[in-house]
Amino acid sequence: MRITCVGGGPAGLYFALLMKKADPAHVVRVLERNRAADTFGWGVVLSDQTVDALRDADPETAEQISSAFNHWDDIAVHIAGRTIVSGGHGFCGIGRKKLLNILQARCEQLGVELVYETDVADDADLDADLVIAADGLNSRIRQKYAATYQPDIDLRQCRFVWLGTTRLFDAFTFDFQQTEWGWFQAHAYRFDATHSTFIVEAPEDVWRAAGLEGMSKEDGIAFCERLFAKVLDGHKLISNASHLRGSAAWIRFPRVVCKTWVHRNDRGTPVVLMGDAAHTAHFSIGSGTKLALEDAIDLARDIQAHADLPTALDAYQASRSIEVLRIQNAARNSTEWFENVDRHAHLAPEQFAYSLLTRSQRISHENLRLRDARYVGDFERWLAGRAGVDAQVPPMFTPFRLRGVTLKNRVVVSPMAQYSCVDGIPGDYHLAHLGARALGGAGLVFAEMTCVSADARITPGCPGLWTDEQGSAWQRIVEHVHASSSAKIAMQLGHAGPKGSTRAPWDGEDQPLASGNWPLLAASAQQYLTGVSQVAQAMTRADMDRVREDFVAAARRAADAGFDWLELHCAHGYLLSSFISPLTNQRADEYGGSPENRLRYPLEVFIALREVWPLDRPMSVRVSAHDWVPGGTTPEDAIAIAAAFKDAGADLIDVSSGQVSKAQRPVYGRMFQTPFSEGIRNRVGIPTMAVGAISEADHVNSIIAAGRADLCAIARPHLANPAWTLTEAARIGYRGPIGLAWPKQYLSGKSQLEREFERQRSAGVAAAEQANRALGV
């Protein structure tokens, strides 16, 4: 096979040598526009896992790279005069020039033809069976065939400059400096015996306000030396970007995503993207070079594994696109964290450092414990102390207090519709359903959204609080929860609005009733399912008055029933949500138009409830922080929404998203709504509850520990396992008693469950140790 790699960076060189090694008969060329000795940037970072992959692919190259590594385990975070250190992270640094030299030498040893100072203007001139477009971030080949590759390039919000220094860091170091203009941060790590990489970064508005845009390159470096003088300890900063002038060295990171990676040119030759030409991952997770090398490994492997090239290329794109998406999701989380340092800077240094370490969501609480048990133990004791507990306790089992209510832990059974009432009256099913979950260990159990009038229901099976009979039925359940468990119980009040008068989901989700429909109300006339749903009518002022009083009457009944907590449902396209979202509020009066106007009626209802709800009991509000539809509510809008409810007296914001429009396109993933919670909590200064794809103790511990939320609402896992909290405690080896209360009737099962999970953990550790021995670790 005749193979031409356009671009002599890590991806192109490594793929070339792997293909030549696999079959010396291959004719392999690498065309590089720069000279052999040219390189830009300083050191690069690889994880221990990537080094293992290199060792499997080509032991000779891996040995040379490993011998040139500077290896470290510690991460040091400098903030507010404090230094927080965590170990066990396992990274390696190597100079970019040294890495390229090793790859170049190995290519020459194997017989790869390296051609320098050759600028490929048109791949159509290349006589090859396979062209690898490894021509970097600004790939001209990707641009030429953009209609096929469909690149999506997102310029991120921070400016950064890539520098070096003779200051040799013993740990991967993050240093944060607050200035009169805002926050600057440095990412620094040693990569050889004489130098370290030193990247300086700041949000663009901060960078401009500091005057760096108008500074010469030399003045900009001097500015950074003064700013980071303490951590530099007398050492200078160095630039090797001699081709750049002024502030041109300060760039915004472009996140590159391509829909497809393979194109056939006019000659019929497949042109395959690799490395930065195909994708980028922010330097804050150190994965750019890792991804490039792993691209090369996977494509070389797929070509060897498949008899024909098209099948191999399909396999390459299928496998790599998934892995790259995973890394890019983590990189997006990390990028956004560094773009919003001011959001986290109010945290205590201990929690700030923990938030940084877990920012990508690739490192969880238990993963951090495996890396550095001492660090996590000290942090857990510190965090528990802030909650008034003098012990080492997993974050999810620390108590939480609002007004006169103290929850034993941070786990909440999310309100989940059961559609199993008759005439709005909760019966034995609800007693068993909510009672089981209260016994299951959660600190707070929510009743499902309960409707304030018959015409406020989603389905005929929804519960209500518009009659005293319903109130008495709820009182029976509340008394059972209080008598049988240490859990608190919350009522969520809502009005279905335009999403009402439908069948139970198992009979046709969102479908109107076959008969017996009732009139619907909304902020504006609308139809939730176009051509299917009943058309809701715009509320009149008289309608607003009646509905507000329905809410007030229901809140009084909830208080009389003994509920510990009240939540107002203003999310998911229901009545109050229909006022808030610009997608569903088209009113031209004082209740439509501006965000303040759209909030006017929901705030009116909330204030009326706060006036009748007991002062010693908390009130929360559920909001949709993102409509996931262009023109709808955005996470930035949610900040203002949360602030308005805080000013009105809300104690906590329950942060959900979506379900306002069927046109929504959510970006799902683990804990995918947690960033919205974090933004509200840390910018508005109000406690929050995170919800959405939170399914294990590790998720809850990470969220609470990092200050991303104060409570975590767990929904579907509680449907599958009412004792989810007790189970997860046993899974992570926590035996209590703080924050953990097994019913005395169930105690004989506690020790058995704990022993079973202990056996599983021991087996997992043994398997890991065996794998390490096999690798020679």
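Residues numbered from 1 in each chain as written. Predicted model: local features only at pLDDT ≥ 70, side-chain atom pairs only at ≥ 80, totals over all residues. Heavy atoms only, no water.

A. A look at the sheet that holds strand E4 (residues 70-72). Overall, antiparallel pairing links the three strands, which are arranged E3-E7-E4 in an open sheet. Pairing within the sheet leaves two strands with one partner each, and these edge strands are strand E3 (43-47) and E4. Each strand axis lies, on average, 25° off the axis of its neighbour in the sheet, ignoring direction. Of the pairings in the sheet, the one linking E3 to strand E7 (residues 91-95) comprises five bridges and is antiparallel in character. Residue pairing across strands places Val 45 opposite Gly 93, the latter belonging to E7. Its contacts with the sheet put helix H2 (residues 48-57) on E3, E4 and E7, and the angle it makes with E3 is roughly 85°. Relative to the sheet, helix H4 (residues 96-110) contacts E3 and E7, its axis offset from that of E7 by approximately 80°. (Pairing = 2+ DSSP bridges. Helix = DSSP H or I, 4+ residues; strand = E, 2+ residues; numbered from the N terminus. Axes fitted to C-alpha atoms, helices over the stretch in contact; angles between N-to-C directions. Contact = heavy atoms within 4.5 Å.)

B. Quick look at empty space enclosed by the protein. Within the structure shown, the criterion is met by six cavities of 30 Å³ or more. Taken as a whole, the largest cavity holds about 90 Å³ of empty space. Residues of the lining of the largest cavity, tallied by class, amount to three nonpolar, six polar and three charged. (1 Å grid on protein atoms, 1.4 Å probe; cavity = no way out; pocket = protein on both sides within 12 Å on 5 of 7 lines; lining within 4 Å. Points joined across faces, edges and corners; volume = space filled by probe spheres on them. Nonpolar A, V, L, I, M, F, W, Y, C, P; charged D, E, K, R; others polar.)

C. Just the sheet that holds strand E8 (residues 113-115), in detail. Strand order in the open sheet made by the six strands is E8-E2-E1-E9-E17-E16, with mixed pairing throughout. At either end of the open sheet lies a strand with only one pairing partner, and these are E8 and strand E16 (262-264). Strand-to-strand twist in this sheet, taken as the mean axis angle between neighbours without regard to direction, amounts to 20°. Here five bridges tie strand E1 (residues 2-6) to strand E2 (residues 27-31), and the two strands are oriented parallel to one another. Note on E2: the bridge partner recorded for Cys 5 is Val 30. Along the sheet, helix H11 (residues 309-339) contacts strand E9 (130-133), E16 and strand E17 (270-273); its crossing angle with E17, the most-contacted strand, is approximately 20°.

D. Helix H8 (residues 217-227), seen in detail. The complete set of buried residues in H8 reads Lys 217, Gly 220, Ile 221, Phe 223, Cys 224, Glu 225 and Leu 227. Tucked into the core, H8 has its buried residues touching strand E10 (151-165), strand E11 (172-178), strand E12 (183-190), strand E13 (196-203), helix H9 (229-232) and strand E14 (237-238). (Buried < 20%, exposed > 50% of the residue type's maximum accessible area, 1.4 Å probe, protein only.)

E. Spatial organisation of the side chain of Asn 701. One can find Asn 701 in helix H23 (residues 697-705). On the basis of relative accessibility, which here comes to 0%, the residue Asn 701 falls in the buried class. Polar side-chain contacts of Asn 701 include one of 2.8 Å to the backbone nitrogen of Met 396. When near neighbours in sequence (up to four residues on either side) are disregarded, Asn 701 contacts Tyr 354, His 365, Glu 366, Pro 394, Pro 395, Met 396 and Ile 732. (Polar contact = N/O pair within 3.5 Å; in protein donor to acceptor, adjacent residues only side chain to side chain.)

F. The packing of helix H21 (residues 635-647) against helix H22 (residues 674-684), seen in detail. For the pair H21 and H22, interaxial distance at closest approach is 9 Å and the crossing angle is 50°. Relative to H22, the element H21 lies oblique. The hand of the H21/H22 crossing is right-handed. On the side of H21, the interface is formed by Pro 635, Glu 636, Ala 638, Ile 639, Ala 642, Ala 643 and Lys 646, while H22 contributes Phe 676, Gly 679, Ile 680, Arg 683 and Val 684. Partitioned by chemical class, the residues of the contact of H21 with H22 number eight nonpolar, one polar and three charged. (Parallel < 35°, antiparallel > 145°, perpendicular 65-115°, else oblique. Left-handed = near helix turned anticlockwise from the far one by under 90°.)

G. Molecular detail of the environment of Ile 425. Relative to the elements of secondary structure, Ile 425 occurs in the loop between strand E20 (411-413) and helix H16 (428-439). Between the C-alpha atoms of Ile 425 and Arg 610, which are 185 residues apart in sequence, the distance is 25 Å. Leave out the neighbours within four places in its chain, and Ile 425 touches Glu 469, Gln 470 and Ala 473.

H. Region of interest: the side chain of Arg 622. Within the fold, Arg 622 resides in strand E27 (residues 619-624). Only 3.5 Å separates the side chain of Arg 622 from the side chain of Ser 414, close enough to count as a polar contact. Ignoring any residue separated from it by four or fewer positions in sequence, one finds Arg 622 in contact with Ser 414, Pro 415, Gln 492, Glu 567, Leu 568, His 569, Cys 570, Ala 571, His 572, Asp 654, Ser 656 and Val 691.

I. Geometry of unusual backbone geometry. Cis geometry marks the peptide bond from Gly 736 to Pro 737, where omega comes out at 5°. Relative to the assigned elements, Pro 737 resides in the loop between helix H25 (724-731) and helix H26 (747-774). For Arg 403, which is not a glycine, the phi torsion comes out positive at approximately 50°. In the Ramachandran plot, Asp 423 falls in the positive-phi region, its phi being about 55° despite a non-glycine side chain.

J. View of the layout of surface pockets. The volume enclosed by the second largest pocket comes to roughly 1300 Å³. If you trace the second largest pocket, you find 44 residues lining it, with Glu 509, His 572, Arg 622, Gln 659 and Arg 716 closest to the centre. Mapped by element, the contributors of at least two residues to the lining of the second largest pocket are strand E30 (711-714) and helix H24 (716-720). Broken down by element, the residue count for the lining of the second largest pocket peaks at three residues, all from H24.

K. Quick peek at the pattern of salt bridges. Scanning the model with the defined rule gives 54 salt bridges in all. A salt bridge links Arg 267 to Asp 127; the nearest nitrogen and oxygen atoms lie 3.3 Å apart. Taken as a pair, Arg 267 in the loop between E16 and E17 and Asp 127 in the loop between E8 and E9 lie far apart in primary sequence, 140 residues in all. On the accessibility criterion, Arg 267 (46% relative accessible area) is partly exposed. Exposure remark for Asp 127: the relative accessible area of 45% places this residue in the partly exposed category. Taking the shortest distance from any N to any O, the salt bridge between Glu 758 and Arg 761 comes out at 2.6 Å. With Glu 758 and Arg 761 both in helix H26 and three residues apart, the pair spans about one turn of that helix. For Glu 758, a relative accessible area of 35% gives the class partly exposed. (Salt bridge = Lys/Arg side-chain N within 4 Å of Asp/Glu carboxyl O.)

L. Here's a closer look at the environment of Gly 7. With respect to the helices, strands and loops of the structure, Gly 7 is situated in the loop between E1 and helix H1 (10-22). Exposure remark for Gly 7: the relative accessible area of 8% places this residue in the buried category. In sequence terms Gly 7 and Arg 33 are 26 residues apart; their C-alpha atoms lie 7.3 Å from each other. Not counting chain neighbours up to four residues away, the residues in contact with Gly 7 comprise Gly 12, Val 30, Leu 31, Glu 32, Ala 134 and Asp 135.

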